[in-house]
Amino acid sequence: MSAHNEETPILIEDELTDEESGEAVALEAGPDAAGQRLDQWLAVRLGPELSRSRVQALIRQGAVSIAGKPVLEAKRKLAAGERIEILVPAPEPAEPQGEDIPLDILYEDDELIVINKSAGLVVHPGAGNWTGTLVNALIHHCGDSLSGIGGVKRPGIVHRLDKETSGVMVVAKTDRAHKALSEAFADHGRTGDLERAYLALVWGIPQRPTGTIDAPLGRAADRVRRAVVPESRDDARHAVTHFSVVERFGEGQQAFATASLVECRLETGRTHQIRVHMAHIGHPVVGDPDYGQAFRTKANRLPEPLKTKVKAFPRQALHAWLLEFEHPTTHLTMRFEAPIPGDMEELVGDFRKL
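Residues numbered from 1 in each chain as written. Predicted model: local features only at pLDDT ≥ 70, side-chain atom pairs only at ≥ 80, totals over all residues. Heavy atoms only, no water.

S.K.: Can you walk me through the overall build of the protein chain in this structure?
M.R.: Looking only at helices and strands, the protein chain has seven helices and 17 strands in total. Split into buried and exposed, the 354 residues of the protein chain put 45% on the buried side. Summed over its atoms, the accessible surface of the protein chain is roughly 17,700 Å², and 49% of this surface lies on carbon and sulfur atoms. (Helix = DSSP H or I, 4+ residues; strand = E, 2+ residues; numbered from the N terminus. Buried < 20%, exposed > 50% of the residue type's maximum accessible area, 1.4 Å probe, protein only. Areas by Shrake-Rupley, 256 points an atom, 1.4 Å probe, with all protein chains shown as cover.)

S.K.: What exactly am I supposed to notice about the side chain of R275 here?
M.R.: The topology assignment puts R275 in helix 5 (residues 273-280). Among the residues examined, R275 registers a relative accessible area of 3% and is labelled buried. Once residues lying within four places of it in the same chain are set aside, the contact partners of R275 are D162, V285, D288, P289, D290, Y291, Q316 and L318. (Contact = heavy atoms within 4.5 Å.)

S.K.: Where do I start with helix 1 (residues 38-46) in this structure?
M.R.: In an α-helix, one turn spans 3.6 residues; hence positions three or four apart end up facing the same way. Buried residues dominate helix 1, accounting for seven of its nine residues. Inspection of helix 1 places L38, D39, W41, L42, A43, R45 and L46 among the buried residues, and these make up the whole buried set. Here the buried face of helix 1 lies against strand 2 (23-28), helix 2 (52-60), strand 3 (64-66) and strand 5 (83-88).

S.K.: Explain the pattern of salt bridges to me, please; I cannot follow it from the model alone.
M.R.: For side chains of opposite charge, pairing can occur when their charged atoms come near one another. Throughout the structure, instances matching the rule amount to 25 salt bridges. Close ionic contact of R315 with D343 constitutes a salt bridge, the shortest N to O distance being 2.9 Å. Of the two residues, R315 sits in the loop between helix 6 (306-312) and strand 16 (318-326) while D343 sits in helix 7 (residues 342-351), which places them 28 residues apart along the sequence. Given a relative accessible area of 2%, R315 falls into the buried group. For D343, a relative accessible area of 33% puts it in the partly exposed group. The residue K353 makes a salt bridge to D350 at a minimum N-O spacing of 3.4 Å. Classification of D350 as buried rests on a relative accessible area of 11%. (Salt bridge = Lys/Arg side-chain N within 4 Å of Asp/Glu carboxyl O.)

S.K.: What should I look at first to understand the environment of F313 in this one?
M.R.: By the secondary structure assignment, F313 is in the loop between helix 6 and strand 16. Accessibility expressed as a relative area gives 10% for F313, which makes it buried. In this structure, the C-alpha to C-alpha distance between F313 and V286, residues 27 residues apart in sequence, is 8.6 Å.

S.K.: Please clarify how the pairing of strand 5 should be interpreted in this entry.
M.R.: Moving residue by residue along a regular strand, the side chains alternate between the two faces of the sheet. Residues I84, I86 and V88 point to one face of strand 5 and are all buried, whereas R83, E85 and L87, pointing to the other face, are not buried. Strand direction decides the pairing type here: strand 2 and strand 5, joined by six bridges, are antiparallel. Residue pairing across strands places E28 opposite R83, the latter belonging to strand 5. Sheet analysis places strand 3 next to strand 5, joined by three bridges and oriented antiparallel. Bridge pairing links V64 to I86 in strand 5. (Pairing = 2+ DSSP bridges.)

S.K.: How should the packing of helix 1 against helix 2 be read in this particular structure?
M.R.: How two helices pack is summed up by the angle between their axes together with the distance between the axes. Following both chains from N to C, one finds helix 1 and helix 2 inclined at 125°, their axes separated by 9 Å at the closest point. Taken as axis vectors, helix 1 and helix 2 run oblique relative to one another. Here the hand of the crossing between helix 1 and helix 2 comes out right-handed. Seen from helix 1, the contacting residues are L38, D39, Q40, L42 and A43; seen from helix 2, they are R52, V55, Q56 and I59. Of the residues contributing to the contact of helix 1 with helix 2, the split by class is five nonpolar, two polar and two charged. (Axes fitted to C-alpha atoms, helices over the stretch in contact; angles between N-to-C directions. Parallel < 35°, antiparallel > 145°, perpendicular 65-115°, else oblique. Left-handed = near helix turned anticlockwise from the far one by under 90°. Nonpolar A, V, L, I, M, F, W, Y, C, P; charged D, E, K, R; others polar.)

S.K.: What should I look at first to understand the packing of aromatic side chains in this one?
M.R.: Two numbers describe a pair of aromatic rings. These are the distance of the centres and the angle of the planes. Applying the stated criterion across every chain yields a total of four aromatic pairs. When the ring of Y107 is compared with that of F336, the centres are 5.8 Å apart and the planes differ by 45°; the resulting orientation is tilted. Residue Y107 is located in strand 6 (residues 105-108), and its partner F336 is located in strand 17 (residues 333-337); the two are separated by 229 residues in the primary sequence. Judged by its relative accessible area of 10%, F336 is buried. Measuring from centroid to centroid gives 6.0 Å for F325 and F336, while their planes differ by 25°, and the two rings are stacked. Placement of F325 in strand 16 and of F336 in strand 17 is noted, with a sequence separation of eleven residues between them. (Phe/Tyr/Trp six-rings, centres within 6.5 Å; stacked < 30°, edge-to-face > 60°.)

What follows is the structure in structure tokens.
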């Protein structure tokens, strides 16, 4: 860690618990620091190892303290003599490592692999999930059969499923397959063979047996979730979902809450698209922790043991049951189906008893 002028960083060794905890650094603001923004001053003092954007991220994470109290405002002005402490986490490995994680493989050849992803499996390493992901599993499983994406032996992710969404996924093993499949998914099947269908257990019964939800998506107020937003917003992205009601549960009675099994087909592929769109029309996915919170009390209007099962269901009841695409080298149409997983099938079966 480098520094400049009289504010030489002081390593606080006794605050480190092990080699992977990172590095704790303490600085004292000199007279020249008075009135400067915290992020700007730190970026100069700790550069070039830490960029200003990295410093700002550490501030947001609560890793920067003044007088022992976390400071969350990057623009906070400094005063001479203040003591600033920064905990810099150890860097994550640049490349994910292979891990022996069981996979449900539906098909595999030299160009690609098709899997039935289980609920709870994160697709790609990222913040909070650097290990135990589908990518880690594929690196271990495919080994030398990965000819590489962009010169690196890693699988090519061309589409994703949310962590708690199960179902069919295709992953490229070569640059050639990655390019072809990426183009197909970007086009969403408008000019080629690509079909994706999901099954969702949703609250209520839509008024129409089929319908189309054409509503742009952007970031929600919390900047983490997605929401339907006006087309005029800078982050608005065109999003279209077609749905059809497969089964209705509790129809014709008023004692209990109703629900439906709905098939959704994507015309676009935005983050959380089905979950946001179904919530937007008043039929959120059962068990959805992000977009179905307003419907949690619906479970209280169910008979036992269904009420208890719905309350205990740990994820959104959403499954990618169908994926059809053109093979990038043989150009044959490949069609894969994955049955509804046991936990979701059991829940649907109990709703059928209403």
